[in-house]
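# What the coordinates show
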Amino acid sequence: MATGLPHLMLATCEMDLRRYHCRPALSGRGLIPRICSWLLTFSALIVTLGTMQSWVVAEDAPPATAKKPAEDRPPARGPTKLIRVPLPLTGDSRVATSIRRFVEKQAAERLAAGKQNAALTPRPTLVLEFTTELSEAGTGSTFGQAYDLATLLTGPELADIETYAYIPKTIKGHAVLVALACKNIAIAPDAEIGDAGIDEKGPISVAIRKAYDEVASRRRTVASALAINMLDRNAEVYQVAVLGQGTQFVVGASELATLKKTETLTDETRLPQPGLYSGQSISEKGYFTVCLAKDRAALARELGVDADKLRPDSFADRQWVARQIVVDQTITAAVADETSRMIDEQVHSGDVNMIILRLNSAGGSLADSAKLATYLASLDSNKVVTVAYIEEKASADAVLIALACDQIAMGPLAILGGPGLYEPSKDELPPLVGVVQELMKAKNRSWSLPAALLDRQLKVNRYSSPRTGAVDYFCREELSKLGGVWTEGEVIASGNDRLKLTAEQAEKVELSVATVKDFEEFKQRFGLTSNPQTVAVNWAQSLLRELASPALTWLLILIGFVGLYIELQAPGTGVGGFISLVAFMLYFWANHLNGTAGWLTVLMFLAGLGCILLEIFVLPGFAVFGLGGGMMVIASLVLASQTVVLPQNEYQVLQLRNSLLSVCGAGAAFLLTAIVLRQYLPRAPMFNKIVLAGPSAAEREVLHARESLVDFGHLLGKTGEALTSLAPSGKARFGDNRVDVLSDGEFIDRGTPVEVFEVRGNKILVRRV
């Protein structure tokens, strides 16, 4: 049609010219009309050629330059805010206060922009997300509270604000009235809305019925009759198809009969009771217009806004009571547990509503990082907001901790992701990606880009939606589960190496919300008026952490072995044994609290020590018990300070190295200490009672001569002192002689006077004096 019109105009002009040439010469009377006709024909020809040229250019122009139809363009979206509505609605007015603050802020901004610019500014969007953690399906809401909120939403204050009721899970009770008061309803496909009168005892009152009819009529999101069907289980509501007018809803048989008298009905269906409709059924049967969104990320794509704008809590309209916790070390079980405990204490204090994690770590233990991240993700962001402030780096598994927070802010030189202390093996990657998926599901974000920070094989691209203009980042697996039409863009993660993002890159892909040059700018960005109090571990926990560190581990092992050596050198004193017991108890206790020592390592240590003592005192032989017990003791000391038996990555190799250095260093120090104790302590004034000195060279010669001749007759009848407990054997001193003796059968304490009453060769029998 467009091509034929120029040809038709040319043909008309050509015919007119032919008529002119074929006619005889004109008389003077017809000359002027003919000249006018020629001018008009020539002008039409020029216009036609110009039109043809413009059409040819339009037809030959590439599709990229063609403008989209108005209905296909994504609507412009103004400032967007999400407010969570905890159900049931009771006497708490926090939701209404948050709504009013948002309205006042938008009004002030429009006023500051001026009337002319304000008219061109896209309308703000307010999303009310209904949460049902406190009751089943949000039942228990009071009608008065719901009606007040619905009145606010349908009032003139929100006339210029686009309101959305977002229903991720089934809601019942009078919270339905609040959803009906919004201009739009977004609902998960499997979530349901309805049965609003479930909390009413007895018939629905006229006042409540009128309120639902009033709100539905004023907002017109849902038909009034359908709203009554959601409210009153006893109502008769019909869905009818009126010839030439489409679908309508009527209440009661009498209203249906009246409609039949004036209109022709092609279909008639009574709606089921109670009126409870899923998102999928609403969309398929056309009860009313809804936006289907299974989570916040899907809703953001439908609205054509960044997912970050649909996170709860605006930092500009709340009074913050913040605490900061520093996590600047290797992630271990102790660090994860201490951090969780400190956060938990602050959350349950009742006043704190913001936790700042000053994160600077290269990771460490994947299991412990995942444990801390899972705890952070489980916190109710409507009560306490968590912010990860990365000043330098959050590498390897420390990324999980940052991603589990509600917001991430980074220093200008900070790095998110990249290699660290922990390198997951191929077997660990699938469950690791599963952990990331669960974390991002809890935070209503897509998981592909966060997973690429840990999985070097994951390829992630930027995608945009032609329908809504939304932008997000997906791998092939996540994209295949989304559905819809997406346009593939640039490659973000190539799949050849682990993704590492600078502060600028992280903000660009919406993993970080801000890049701040220092903590002062951080406070301004998040609306903090003063320096948050730093929460730290107490002195006892700090001491135990230091005792479990490689710098002090060897010292505890050394003290334990030295105490054991003293006890063996002077049995019965108890001093060395007590010192050894305390040292080894602190060693295993500190490592247990650090998450590396379990009961198995303690039992292995005790069993090994028992085997050594068995070899020395009971079953001396081929040293099987001695060597086996020694290996068990060493193995238990090594395993008590690390989380794995055989290292699989760099972090675990580092753990094994530190453990071996501690044990070997303690062993070498023990040998030197034993030499010193044997040489000097028996002669020291304070320690000569604890460690006994050996005989001198002259005394050893006399003892050797006497023992070789078996001549102890000179001791018969002499009295002396028991140097050790006699049970029945032990040592005694008679003058300058120290000899092995046997009691007459009774137990004799150390220091008791004894008398030699019989000598049998090299056996000296004594009794108590």
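Summary of the structure given here. (Residues numbered from 1 in each chain as written. Predicted model: local features only at pLDDT ≥ 70, side-chain atom pairs only at ≥ 80, totals over all residues. Heavy atoms only, no water.)

Here we come to the overall build of the protein. Looking only at helices and strands, the protein features 26 helices and 26 strands. The contacts in the protein between residues at least 6 apart in sequence include a share of 66% that link residues at least 24 apart. Of the roughly 39,900 Å² of accessible surface on the protein, 58% is carried by carbon and sulfur atoms. (Helix = DSSP H or I, 4+ residues; strand = E, 2+ residues; numbered from the N terminus. Contact = heavy atoms within 4.5 Å. Areas by Shrake-Rupley, 256 points an atom, 1.4 Å probe, with all protein chains shown as cover.)

Once that is clear, we can look at helix 12 (residues 333-347). Between its first and last C-alpha atoms helix 12 spans 21 Å; for 15 residues at 1.5 Å apiece the expected length is 21 Å, and the two agree. When helix 12 is considered as a whole, its buried residues turn out to be A333, A334, V335, A336, E338, T339, S340, M342, I343 and Q346. (Expected span 1.5 Å × (residues − 1). Buried < 20%, exposed > 50% of the residue type's maximum accessible area, 1.4 Å probe, protein only.)

As a rule of thumb, non-glycine residues mostly have phi less than zero, and peptide bonds are mostly trans rather than cis. P88 follows L87 through a cis peptide bond whose omega is 10°. Along the chain, P88 turns up in the loop between strand 1 (80-86) and helix 3 (94-113). Geometrically, the link from Q273 to P274 is a cis peptide bond, its omega value of 0° lying close to zero. Even without a glycine there, the phi angle at D195 is positive, about 50°. Along the chain, the position of D195 falls in the loop between strand 5 (192-194) and helix 7 (206-219). The class of D195 is buried, set by a relative accessible area of 2%.

So, about the packing of helix 13 (residues 366-378) against helix 15 (residues 429-442). Interaxial distance between helix 13 and helix 15 falls to 10 Å at its minimum, and their mutual angle equals 15°. The orientation of helix 13 with respect to helix 15, classified from their angle, is roughly parallel. Handedness of the crossing formed by helix 13 with helix 15: left-handed. Across from L366, A370, A373, T374 and A377 in helix 13, the residues of helix 15 making contact are L432, V435, L439 and A442. Per-class residue counts for the contact of helix 13 with helix 15 are eight nonpolar, one polar and no charged. (Axes fitted to C-alpha atoms, helices over the stretch in contact; angles between N-to-C directions. Parallel < 35°, antiparallel > 145°, perpendicular 65-115°, else oblique. Left-handed = near helix turned anticlockwise from the far one by under 90°. Nonpolar A, V, L, I, M, F, W, Y, C, P; charged D, E, K, R; others polar.)

Our next topic: the sheet that holds strand 1. With respect to topology, five strands assemble into an open sheet ordered 1-2-3-4-10, the strand pairing being parallel. At either margin of the open sheet sits one strand with a lone partner, and together these are strand 1 and strand 10 (291-292). Bridge count for strand 4 (residues 184-187) against strand 10 is two bridges, and the pairing is parallel. Paired with I187 across the bridge in strand 10 is L292. (Pairing = 2+ DSSP bridges.)

Turning our eyes to something else, we now look at the environment of L637. By secondary structure assignment, the location of L637 is in helix 24 (residues 624-639). In this structure L637 comes out as buried when scored by relative accessible area, which is 1%. L637 sits 35 residues away from V602 along the chain, and the two C-alpha atoms are 8.8 Å apart. Apart from the residues lying within four places of it in its own chain, the contact partners of L637 are I557, F561, F584, Y587, F588, F605 and V663.

Packed helices, taken two at a time, are described by the angle between their axes plus the distance between the axes. Contact pair helix 7 / helix 8 (residues 224-231): the axes reach a minimum separation of 8 Å and the direction vectors enclose 140°. Considered as vectors, helix 7 and helix 8 are oriented oblique to each other. The two elements helix 7 and helix 8 cross, and the hand of that crossing is right-handed. Contacts between helix 7 and helix 8 involve I208, R209, Y212, D213, A216 and S217 on the former and, on the latter, S224, A227, I228 and L231. In terms of residue class, the contact of helix 7 with helix 8 is built from six nonpolar, two polar and two charged.

Bringing the nonpolar core into the picture now. One finds L376, I390, L400 and L416 to be the most contacted residues of the largest nonpolar core, which totals 60 residues. In terms of residue count, helix 13 provides more of this core than any other element does, seven residues in total. If near-sequence neighbours (up to four positions away) are discounted, L400 is found in contact with L366, S369, A370, A373, L432, V435, V436, L439 and L454. With 57 residues, the next largest nonpolar core counts V103, F130, I161 and I228 among its residues. (Core = buried A, V, L, I, M, F, W, Y, C linked by side-chain atoms within 4.5 Å.)

Read around the barrel, five strands follow the order 22-23-24-26-25 and close on themselves; strand pairing throughout is mixed. Ignoring strand direction, the axes of neighbouring strands in this sheet form an average angle of 55°. Looking at chain direction, strand 22 (residues 719-722) and strand 25 (residues 753-760) are connected through three bridges and run antiparallel. Across the sheet, T719 pairs through a bridge with E755, a residue of strand 25.

Attention now goes to a nonpolar patch on the surface. On the surface, W554, L555, I559, V575, F578 and I579 cluster together into a nonpolar patch covering about 490 Å² of accessible area. Secondary structure elements with two or more residues in the nonpolar patch: helix 21 (550-569) and helix 22 (575-593). Note that I559 resides in helix 21. (Patch = residues over 30% accessible without salt bridge, like charges linked within 9 Å, V, L, I, M, F, W, Y side chains within 5 Å. Salt bridge = Lys/Arg side-chain N within 4 Å of Asp/Glu carboxyl O.)

Another aspect to go through is the pairing of strand 13 (residues 385-394). Buried residues dominate strand 13, accounting for seven of its 10 residues. The pairing of strand 12 (residues 354-361) with strand 13 spans seven bridges and is classified as parallel. Looking across to strand 13, one finds that L357 is bridged to A388. Tracing the backbone out of strand 12, into helix 13 and back to the parallel element strand 13 gives a crossover that is right-handed. Inspection of the sheet shows strand 13 paired to strand 14 (residues 407-410) by four bridges, in the parallel sense. Across the sheet, the residue bridging to I390 is M410, located in strand 14. Handedness of the β-α-β unit built from strand 13, helix 14 (residues 398-403) and strand 14 comes out right-handed. (Right-handed = clockwise from strand over helix to strand, strands pointing away.)

So, on to helix 11 (residues 296-303). Within helix 11, seven of the eight residues are buried, which leaves the element mostly enclosed by the surrounding structure. Among the residues of helix 11, R296, A297, A298, L299, A300, R301 and L303 are the ones counted as buried. The backbone nitrogen of A297 lies 3.3 Å from a side-chain oxygen of the residue at the head of helix 11, namely D295. Trailing helix 11 by a residue or two, G304 shows a phi angle of about 75°, which is positive. (Polar contact = N/O pair within 3.5 Å; in protein donor to acceptor, adjacent residues only side chain to side chain.)

Summed over the entire model, instances satisfying the criterion amount to 18 salt bridges. K260 is the salt-bridge partner of E268, the closest N and O atoms lying 3.0 Å from each other. Taking the relative accessible area as the measure of exposure, K260 reaches 41% and is therefore partly exposed. Across the salt bridge formed by E391 and R358, the nearest N and O atoms sit 3.0 Å from each other. Highlighted residues: E391 in strand 13 and R358 in strand 12, separated in sequence by 33 residues. Accessibility expressed as a relative area gives 35% for E391, which makes it partly exposed. Take R358: its relative accessible area is 16%, and that puts it in the buried class. If you follow the salt bridges from partner to partner, you end up with R84, E129, R296 and D380 in one network.

Take the environment of L556 next. Examined against the element boundaries, L556 turns out to sit in helix 21. With 24 residues separating them in the primary sequence, L556 and S580 have C-alpha atoms 9.0 Å apart.

With that out of the way, let us pick up the pairing of strand 26 (residues 763-768). In this structure, strand 24 (residues 737-743) lies alongside strand 26, joined through two bridges in parallel fashion. By the bridge assignment, S743 is partnered in strand 26 with V766. When strand 25 meets strand 26, the two strands line up antiparallel, connected through six bridges. Paired with E758 across the bridge in strand 26 is L765.

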